[in-house]
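These are the residues of each chain, in order.
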Amino acid sequence: MNAPVTRRNAVLGITAAATSLAAPSILRAQSAGRIVVVGGGFGGAACARALKRADAKLQMTLIEPNKTFISCPLSNEVIAGLRDMEAQQFGYDKLAAEGISVVAQAATTIDTQKRSVTAADGEAFGYDRLVLSPGIDFHVEALPGYDDAASEKMPHAWKAGPQTLLLRRQLEAMADGGTVAIAIPANPSRCPPAPYERASLIAHYLKTTKPRSKVLILDAKDAFSQQRLFERAWKELYGDMIERVALSQGGRVTSVYAASRTIVTEFGNYTPDVANVIPPQRAGRIAEIAGAADATGWCPIDPVTFESKLVKDIHVIGDACLGGGIPKSASAASAQGKACAAAIIALLAGRTPEAPRLTGVCYTTVAPGYGFSLAGNYQPKGDIFAEVEGGATSPVDAPRELRVREAAEAEHWFQTITADCFG
């Protein structure tokens, strides 16, 4: 029987299994190559660092249009006024200091025949292996009425940055007694518990500053991750301030009218004072350009090597891939990045990569000093990752002391994973 994954183990060794796979085999790599990583989030940064540390001779290029990475994990605390945006920002100086060439451009085209990536400024970068870690884009066609212009009135804040601050300003401007609506899409979606964490922290802000206000969740799902933990916390902390309309109750949003801030569902329309509309998602655009995304909008992979099922010599990691049971989260992306690096080192050396065992942990904060978590182990099974024995979740009936401790552990996890990925 596998040893259980405790939250402390997950914090201190976010991807211990992936790292242990990488360490001995990496040192035996026989030849260097040209590796290009597109996307500098948790997955791409972790992969680039692991590859360069594995073999200093590798020609490592990281292509990322933003000079500063803004973390989605803990950004809900920014929205609720509990955290400054500066605490979410990380640069790439440490990666560059390790010999990784960091290109602050967007990747625009990929020539799979010539094996090259062209950046927005026209410069081309050849590769022997290409890693795509583009995160998500929005499937706006699936939500009529929602586009970039609509997001300025009904922010998604699902990519941390200006939208995070826009939603925060809208909450600050709302009068006491107003309603904040959060439209949640069906899975697959980035960080499945995060919308409910957001509802919780917005409720905390309202309870503190605008106590006659309400939070309305319009949900395209009937059940969601850690539901019993959330519902218990809502009852304990917020009373009837949070109302959730599930899929079977007509909660799925079918369209929006940004001009009037109207949200349309199957059973009725809503016009809240603040509308946080999180649209359906798919893999980042560059994955489609590369031909690595299928009809679902996501990228099928070989879970042992993370190689695309559709395009040769391209690997896909993080939120963009069809991962099966492993969630689309920062922890999972970092683990995949390290495991993908180990696989690439093996392939460059002519060896068969070992099947990875990935560990992921997700922390949720529903109020200051009140947190809980979910940790899991994942292994390849067929074409996807499947959860295997040894996971752990916070008990529903835990004493408040544990909630306080896990809220502190969430911050420790964040400091650990950001230092691991960005230095």
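### Concerning unusual backbone geometry
Looking along the chain, the bond that leaves N187 and enters P188 is cis, with omega of 0°. The residue P188 is located in the loop between β11 (179–184) and α8 (194–209) in this model. In this structure, A157 is a non-glycine residue whose phi angle is positive, near 50°. Relative to the assigned elements, A157 resides in the loop between α6 (148–151) and α7 (162–173). Looking at A157, the relative accessible area reads 3%, which means it is buried. Positive phi values are uncommon outside glycine, yet C191 reaches one of about 50°. With respect to the secondary-structure elements, C191 resides in the loop between β11 and α8.

### Concerning the sheet that holds strand β14 (residues 253–257)
The three strands are arranged β14-β15-β16 in an open sheet whose pairing can be described as antiparallel. Two strands bound the open sheet, and with one partner strand each, they are β14 and β16 (269–270). As defined by bridge partners, strand β15 (residues 262–265) adjoins β16 across two bridges and the pair is classed as antiparallel. Each bridged residue has a counterpart across the sheet, and for I263 the counterpart in β16 is Y270.

### Things to note about the pairing of strand β22 (residues 384–393)
Pairing geometry for strand β21 (residues 370–381) and β22, over seven bridges, is antiparallel. Directly across from L374, in β22, lies its bridge partner T393. Counting the residues in the hairpin turn of β21 and β22 gives two residues, including G382, whose phi is positive at 65°.

### Points about the packing of α8 against helix α9 (residues 227–238)
For the pair α8 and α9, the least separation of the axes is 11 Å and the interaxial angle reads 0°. Between α8 and α9, the interaxial angle falls into the category roughly parallel. Here Y196, E197, S200, A203, H204 and K207 of α8 come into contact with α9, specifically with F230, W234, L237 and Y238. Classifying every residue of the contact of α8 with α9 gives six nonpolar, two polar and two charged.

### Section: the environment of I242
You can see I242 is positioned in strand β13 (residues 242–245). Separated by 41 residues in the primary sequence, I242 and A283 have C-alpha atoms spaced 31 Å apart. With sequence-adjacent residues up to four places away left out, I242 is seen in contact with A199, S200, A203, V215, I217 and W234.

### Focus on the side chain of H204
Position of H204 relative to the elements: it lies in helix α8. For H204, the residues in contact, after removing those within four places along its chain, are L82, Y238 and P368.

### Observations concerning the packing of aromatic side chains
Taken as a whole, this structure holds 14 aromatic pairs when the rule is applied. Between the aromatic rings of Y196 and F224, the centroid separation amounts to 3.8 Å while the plane-to-plane angle is 10°, which identifies the pairing as stacked. With Y196 in helix α8 and F224 in the loop between β12 (214–219) and α9, this pair connects stretches of sequence that are 28 residues apart. The class for Y196 is buried, based on a relative accessible area of 0%. Pairing F230 with W234 gives two aromatic rings, centres 5.9 Å apart and planes at 45°, and the pair type is tilted. Note that F230 and W234 are positioned in helix α9 at a spacing of four residues, about one turn of the helix. Judged by its relative accessible area of 0%, F230 is buried.

### Structural notes on the side chain of T305
With respect to the helices and strands, the residue T305 is situated in the loop between α10 (285–290) and β19 (314–316). Setting aside its immediate chain neighbours within four residues, T305 contacts H315, C340, A343 and P353.

### Some details on the pairing of strand β9 (residues 129–132)
By the alternation rule, side chains of β9 split into R129 and V131 and L130 and L132, which are all buried. Sheet topology places strand β1 (residues 34–38) next to β9; four bridges connect them, and they run parallel. Bridge pairing in β9 places I35 opposite R129. Bridging between β9 and β19 involves three bridges; their strand directions are parallel. Bridge pairing in β19 places V131 opposite H315.

### Notes on α8
Here α8 is 16 residues long and its end C-alpha atoms lie 22 Å apart, about the 22 Å a rise of 1.5 Å per residue gives. Judged by how many residues are buried, α8 sits mostly within the fold: 13 of 16 residues are covered.

### What about the sheet that holds β12?
The parallel open sheet is built from four strands, whose spatial order is β13-β12-β11-β17. Both outer strands of the open sheet, β13 and β17 (274–277), are each paired with one neighbouring strand and no more. On average, adjacent strands in this sheet sit at an angle of 15° to one another, irrespective of strand direction. Judged from the six bridges that link them, β11 and β12 form a sheet pairing that is parallel. Bridged to T179 within β12 is K214.

Here is what the cut-offs are and how they apply
Residues numbered from 1 in each chain as written. Predicted model: local features only at pLDDT ≥ 70, side-chain atom pairs only at ≥ 80, totals over all residues. Heavy atoms only, no water. Helix = DSSP H or I, 4+ residues; strand = E, 2+ residues; numbered from the N terminus. Buried < 20%, exposed > 50% of the residue type's maximum accessible area, 1.4 Å probe, protein only. Pairing = 2+ DSSP bridges. Axes fitted to C-alpha atoms, helices over the stretch in contact; angles between N-to-C directions. Parallel < 35°, antiparallel > 145°, perpendicular 65-115°, else oblique. Contact = heavy atoms within 4.5 Å. Nonpolar A, V, L, I, M, F, W, Y, C, P; charged D, E, K, R; others polar. Phe/Tyr/Trp six-rings, centres within 6.5 Å; stacked < 30°, edge-to-face > 60°. Expected span 1.5 Å × (residues − 1).

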